[in-house]
There are 2 protein chains.
Amino acid sequence: MVDFRHERTVAWTDDTVVLIDQTQLPQRFTHLVCRRAEDVAEAIQRMVVRGAPAIGVAAAMGLVLATVQSRATTAKSLLADLERAGDLLRRTRPTAVNLSWAVERVLRKARQRHEPEAMRRVVREEALRMAEEDIRANQRMGRYGAALLEDGDRVLTHCSTGTLATVGYGTALGVIRAARAQGKCIHVYTTETRPALQGARLNAYELREDGADVTLIADTMVGHCMRTGRVKKVITGADRITRTGHVFNKIGTYQLAVLAARHTLPFYVAAPWSTFDLRNGWEQVVIEERHVDEVVKVRGRRIAPKGVSVFNPAFDMTPPELVSALVTERGVLHPPLAQAIDRVA
Amino acid sequence: MVDFRHERTVAWTDDTVVLIDQTQLPQRFTHLVCRRAEDVAEAIQRMVVRGAPAIGVAAAMGLVLATVQSRATTAKSLLADLERAGDLLRRTRPTAVNLSWAVERVLRKARQRHEPEAMRRVVREEALRMAEEDIRANQRMGRYGAALLEDGDRVLTHCSTGTLATVGYGTALGVIRAARAQGKCIHVYTTETRPALQGARLNAYELREDGADVTLIADTMVGHCMRTGRVKKVITGADRITRTGHVFNKIGTYQLAVLAARHTLPFYVAAPWSTFDLRNGWEQVVIEERHVDEVVKVRGRRIAPKGVSVFNPAFDMTPPELVSALVTERGVLHPPLAQAIDRVA
């Protein structure tokens, strides 16, 4: 048994970044040790680590590795090395804003130092601080969000949003975790979340290790579960939320929100403030398209004819009118979301 | 290349029932030869043959096998053997009405004969007639339905609804086939249709063999494809349609209909008259739940933690208010559907 209430998905240990290797779950619980920023970039790209908050902190720690790798003896050349590593890390995945937010925040700290050793120190301090902040933000979101769930609730969630999507504790799953810790009995329905199956492989696994009451369904079954009253509320995470309250999250989230609205069920989104993008409009957000093999192969086995054309967007956009509330560490934000976001910004 | 325009999914050859083995597709195109009614029942249960019209005719041919197997020398004992085989075949899958419709139709013919040889002859004639009728009905549906599709249309479909779901030609895919035969350029989006992946394994394969322009998407991507304008119309098959116009079809159909309504896209259902159940109300229809392994394993590989609880309904219900039109061999039925169905019944 893994105790995901206290496990860390991303950790800094002995000058290495240690990641839970999520490509191996649920079959094997193993870690991948990254010694270079390039290793972290590859791990993010291959989804060894995934989940917006987790990849943000992983990228920040990738920059710490870059300071260890760099032979620079001047602040200027060290900063150049850091900026190169930052570009590499930022480019791995375009949709989650946490990645560029984390890189930007660490680089900003680095730029304030004018000696290489001081720069190395602040980069490390900032990355470790971000890891701690992530856990605290999630715990605070949990406390705020738990008030939205009642004893006996039947809650649908999508993708992986627990410890495995963050440094620890989780976003949407953190809210469920906090409600359960308050003694509320919550039945969790988790979609399998094709194509990468984060719901089946990671969320169902984490919930089971937690001893939660969990039922796995295929993505096709959501509407039926709502129509027949099995599911009463929906809560998901997010990869980016714009100032207007448009939510970018794992592909399939948008249709959950449409289905929830059709059945007049609340649709909640839990995300830390690092997921908010106050600069870009929703039209500017790039939705990552991933390799066709994610769709045509499952665990290495082909499930579709060779050469078939595939469309594989990894994220979608849910407009604010479909969101009942945003759960953040700054409180629960209710519609109209744009004003609520502005108030706490 | 397999020419699915002229292929038969279910055929009567040399006193055997020859089925395309759909569990092997798209890797291998092979046939399963059934010599006993029990073999046909098992093939339906294992989804060697699936699709409401196809399993109806397969069951009818299973009854022909029962007449060959039976050593009965009196009409009474032959009829008893046939009724036993009919019960077995009917029990394999509860939701598609074509199965019990086909068994009932053959047994009714049998009951009109009072000598065993005459009974054997009419059972065979009736089963073969049903196979021919299925193809003709599909071709007629194709002609009627093709008028709903325009040159340049981008049409989403779900599950397998072509030759592989019928004796030949197909229902929803038959409509697309007919539109293409008229020279219309149709871009087809097909969902993969978890859990059994009939869209990825069968529909995408059949469309590709046909030379159609086809894009495979995961079931999570439907909403995004509609919101971004990639998909303009939806057409599916059906496993049972009640007198009130409630459509039972492959799990996931209901949410396609909700999503189509949200985006004001037409949602069409193509099904032969054998799929209509004029006797039962929609509340009486049993939705089959299948084995958890369909969800937790893909092509034999485990994708979810051991022991996780799974809900696996194989079908869902779409209410008539979400259906833009029903395409049948008796014409295209427009809302209000209950009246339109009564008019052609």
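Refer to the preceding data block for the structure.
Only a predicted model underlies this, so the values are computations on that prediction, with no experimental measurement involved.

1. Details of helix H2 (residues 52-69) of chain A
Step number 1: With 18 residues, H2 of chain A should reach 26 Å at 1.5 Å per residue; the first-to-last C-alpha distance of 26 Å fits that figure.
Step number 2: Most of H2 of chain A sits inside the fold, with 16 of its 18 residues counted as buried.

2. Considerations on the sheet that holds strand S11 (residues 276-277) of chain A
Hydrogen bonding along the main chain pairs the strands of a sheet, whether they run parallel or antiparallel.
Residue and element names in this part refer to chain A.
Step number 1: The 4 strands are arranged S11-S8-S9-S15 in an open sheet whose pairing can be described as mixed. Across the chains shown, the open sheet's two edge strands, defined by having one partner strand only, are S11 and strand S15 (315-318).
Step number 2: In the packing of helix H9 (residues 253-262) onto the sheet, contacts are made with strand S9 (247-250) and S15, and the angle to S15 comes to roughly 35 degrees.

3. Focus: the nonpolar core
Step number 1: Membership of the largest hydrophobic core comes to 134 residues, with the highest contact counts inside it found for Leu-326 of chain A together with Leu-326 of chain B.
Step number 2: Residue contacts for Leu-326 of chain B: discarding those within four places in its chain leaves Ile-241, Val-247, Val-269, Phe-276, Gly-331, Val-332, Leu-333, Leu-337 and Ile-341 of chain B.

4. With respect to the state of the cysteines
Step number 1: Per the counting criterion, the structure on display carries 0 disulfides over all chains.
Step number 2: Of all cysteine sulfurs, the one in Cys-225 of chain B lies closest to Cys-159 of chain A, which takes part in no disulfide; the gap is 18 Å.
Step number 3: Take Cys-159 of chain A: its relative accessible area is 6%, and that puts it in the buried class.

5. Structural notes on the pairing of strand S5 (residues 187-191) of chain B
Residue and element names in this part refer to chain B.
Step number 1: Taking burial as the measure, the 5 residues of S5 include 5 buried ones, the bulk of the element.
Step number 2: Taking every second residue as pointing to the same face, both faces of S5 are buried, with His-187, Tyr-189 and Thr-191 on one and Val-188 and Thr-190 on the other.
Step number 3: Once the chain exits strand S4 (residues 154-157) it traverses helix H6 (residues 172-181) before rejoining the sheet at S5, and the crossover so formed is right-handed.
Step number 4: Note that S5 and strand S6 (residues 213-217) share 5 bridges and pair parallel. Looking across to S6, one finds that Val-188 is bridged to Val-214.
Step number 5: For the handedness criterion, the β-α-β arrangement of S5, helix H7 (residues 198-209) and S6 is classed as right-handed.

6. Quick look at the interface of chain B and chain A
Step number 1: With 58 residues of chain B at the interface, the matching set in chain A holds 58 residues.
Step number 2: Carbon and sulfur atoms make up 63% of the area that chain B and chain A hide from each other, which totals about 4900 Å².
Step number 3: Together, Thr-220, Ile-303 and Phe-311 of chain B form the three largest contributors to the area buried by chain B at its contact with chain A, with a combined 15%.
Step number 4: In this structure, the connection of chain B to chain A is made through 2 salt bridges.
Step number 5: For Arg-194 of chain B, the salt bridge is made with Glu-192 of chain A, and the minimal N-O distance between the two is 2.5 Å.
Step number 6: Listing elements by their share of the side of chain B that touches chain A, those giving two or more residues are H7, S6, helix H8 (222-227), helix H9 (253-262), helix H10 (293-296), strand S13 (301-302), strand S14 (309-310) and strand S15 (315-318) of chain B.
Step number 7: Its residues placed into classes, the side of chain B that touches chain A shows 32 nonpolar, 12 polar and 14 charged.

7. Considering the pairing of strand S2 (residues 16-20) of chain A
All names here are of chain A.
Step number 1: Burial within S2 is extensive, with 5 of its 5 residues counted as buried.
Step number 2: Neither face of S2 is open: one carries Thr-16, Val-18 and Ile-20, the other Val-17 and Leu-19, and all of them are buried.
Step number 3: Where strand S1 (residues 10-13) folds back on S2, the antiparallel hairpin that results is connected by 2 residues, among which Asp-14 adopts a positive phi of roughly 50 degrees.
Step number 4: With 4 bridges connecting them, S2 and strand S3 (residues 31-34) associate as antiparallel partners. Bridge assignment links Ile-20 to a residue of S3, and that residue is His-31.

8. A few points about the packing of aromatic side chains
Step number 1: Counted under the stated rule, the structure contains 6 aromatic pairs over all chains.
Step number 2: A centroid spacing of 6.2 Å and a plane angle of 80 degrees characterise the contact between Phe-4 of chain B and Phe-29 of chain B, whose relative ring orientation is edge-to-face. Taken as a pair, Phe-4 of chain B in the segment before strand S1 (10-13) and Phe-29 of chain B in the loop between strand S2 (16-20) and strand S3 (31-34) lie far apart in primary sequence, 25 residues in all.
Step number 3: Under the relative-accessibility criterion, Phe-29 of chain B is labelled partly exposed at 29%.
Step number 4: Each residue in the set Phe-4, Phe-29 and Tyr-205 of chain A is aromatic and connected to the rest through ring pairs, giving one cluster.
Step number 5: Over the face of the ring belonging to Tyr-169 of chain A we find Arg-177 of chain A, whose NZ or CZ atom lies 5.9 Å from the ring centre.
Step number 6: The ring centre of Phe-311 of chain B lies 3.5 Å from the NZ or CZ of Arg-230 of chain A, which sits over that ring.

9. Quick look at the packing of H2 of chain A against helix H4 (residues 97-111) of chain A
Residues and elements named next belong to chain A.
Step number 1: As a packed pair, H2 and H4 sit with axes 8 Å apart at the nearest point and diverge in direction by 30 degrees. By the angle between their axes, H2 is roughly parallel relative to H4. For H2 against H4, the interelement crossing comes out right-handed. Every residue of H4 that contacts H2 at Ala-52, Pro-53, Ile-55, Gly-56, Ala-59, Ala-60 and Leu-63 is listed here: Asn-98, Leu-99, Ala-102, Val-103 and Val-106.
Step number 2: Of the residues contributing to the contact of H2 with H4, the split by class is 10 nonpolar, 2 polar and no charged.

10. Considering unusual backbone geometry
All names here are of chain A.
Step number 1: Along the chain, Leu-25 connects to Pro-26 via a cis peptide bond; the corresponding omega equals 0 degrees.
Step number 2: For Pro-26, the location among the structural elements is in the loop between S2 and S3.
Step number 3: Here Arg-194 and Pro-195 are connected by a cis peptide whose omega angle stands at 10 degrees.
Step number 4: Relative to the assigned elements, Pro-195 resides in the loop between strand S5 (187-191) and helix H7 (198-209).
Step number 5: Its identity as a non-glycine residue notwithstanding, Thr-193 has a phi of 70 degrees, on the positive side.
Step number 6: Within the fold, Thr-193 resides in the loop between S5 and H7.
Step number 7: On the basis of relative accessible area, Thr-193 is assigned to the buried category, the value being 0%.
Step number 8: Positive phi outside glycine occurs at Arg-299, with the angle close to 45 degrees.

11. Focus: the sheet that holds S3 of chain B
All names here are of chain B.
Step number 1: With antiparallel pairing, 3 strands are arranged side by side in an open sheet as S1-S2-S3. Of all the strands in the sheet, just S1 and S3 have a single pairing partner and so form its edges. Strand-to-strand twist of the sheet, defined as the mean angle between neighbouring strand axes without regard to direction, takes the value 25 degrees.
Step number 2: Strand contacts of helix H1 (residues 37-45): S2 and S3, with the helix running at about 145 degrees to S3, the strand carrying the most contacts.

12. A closer look at the environment of Thr-171 of chain A
Residue and element names in this part refer to chain A.
Step number 1: Take Thr-171: it is sitting in the loop between strand S4 (154-157) and helix H6 (172-181).
Step number 2: Using a relative accessible area of 5% as the deciding quantity, one classes Thr-171 as buried.
Step number 3: As a C-alpha pair, Thr-171 and Val-327 span 156 residues in sequence and 8.7 Å in three-dimensional space.
Step number 4: Excluding its chain neighbours within four sequence positions, the residues that come into contact with Thr-171 are Pro-53, Asn-138, Met-141, Thr-161, Thr-166, Gly-237, Ala-270 and Pro-272.

13. Considering the relation of the copies chain B and chain A
Put simply, the two copies of the chain differ by a rotation about an axis and a shift along that axis.
Step number 1: Least-squares fitting of chain B to chain A yields an RMSD of 0.0 Å, with the superposition described by an axial translation of 0.0 Å and a rotation of 180 degrees. The transformation relating the two chain copies, once decomposed into turn and shift, fits a two-fold axis. Proximity to the rotation axis, assessed at the C-alpha, singles out Asp-219 of chain B in chain B; its C-alpha lies 3.1 Å from the axis.
Step number 2: Looking at the interface residues of chain B, 100% of them are also at the interface in chain A, so both copies use one shared face.

14. Re the pattern of salt bridges
Step number 1: The final tally for this structure, using the stated rule, is 50 salt bridges over all chains.
Step number 2: Arg-90 of chain B is the partner of Glu-104 of chain B in a salt bridge, and the nearest nitrogen-oxygen pair spans 3.3 Å. Taken together, the residues Glu-104 of chain B in helix H4 (residues 97-111) and Arg-90 of chain B in helix H3 (residues 75-91) connect sequence positions 14 residues apart.
Step number 3: Judged by its relative accessible area of 25%, Arg-90 of chain B is partly exposed.
Step number 4: A cluster of three or more residues bridged by salt bridges with shared partners is formed by Glu-83, Asp-87, Arg-90, Glu-104 and Arg-111 of chain A.

Rules behind the numbers
- Residues numbered from 1 in each chain as written.
- Chains lettered and ligands numbered in written order.
- Predicted model: local features only at pLDDT ≥ 70, side-chain atom pairs only at ≥ 80, totals over all residues.
- Heavy atoms only, no water.
- Helix = DSSP H or I, 4+ residues; strand = E, 2+ residues; numbered from the N terminus.
- Expected span 1.5 Å × (residues − 1).
- Buried < 20%, exposed > 50% of the residue type's maximum accessible area, 1.4 Å probe, protein only.
- Pairing = 2+ DSSP bridges.
- Contact = heavy atoms within 4.5 Å.
- Axes fitted to C-alpha atoms, helices over the stretch in contact; angles between N-to-C directions.
- Core = buried A, V, L, I, M, F, W, Y, C linked by side-chain atoms within 4.5 Å.
- Disulfide = S-S within 2.5 Å.
- Right-handed = clockwise from strand over helix to strand, strands pointing away.
- Buried area = accessible area lost by both parts, 1.4 Å probe.
- Salt bridge = Lys/Arg side-chain N within 4 Å of Asp/Glu carboxyl O.
- Nonpolar A, V, L, I, M, F, W, Y, C, P; charged D, E, K, R; others polar.
- Phe/Tyr/Trp six-rings, centres within 6.5 Å; stacked < 30°, edge-to-face > 60°.
- Lys NZ or Arg CZ within 6 Å of the ring centre and 35° of its normal.
- Parallel < 35°, antiparallel > 145°, perpendicular 65-115°, else oblique.
- Left-handed = near helix turned anticlockwise from the far one by under 90°.
- Least-squares fit on C-alpha atoms with pLDDT ≥ 70 in both.

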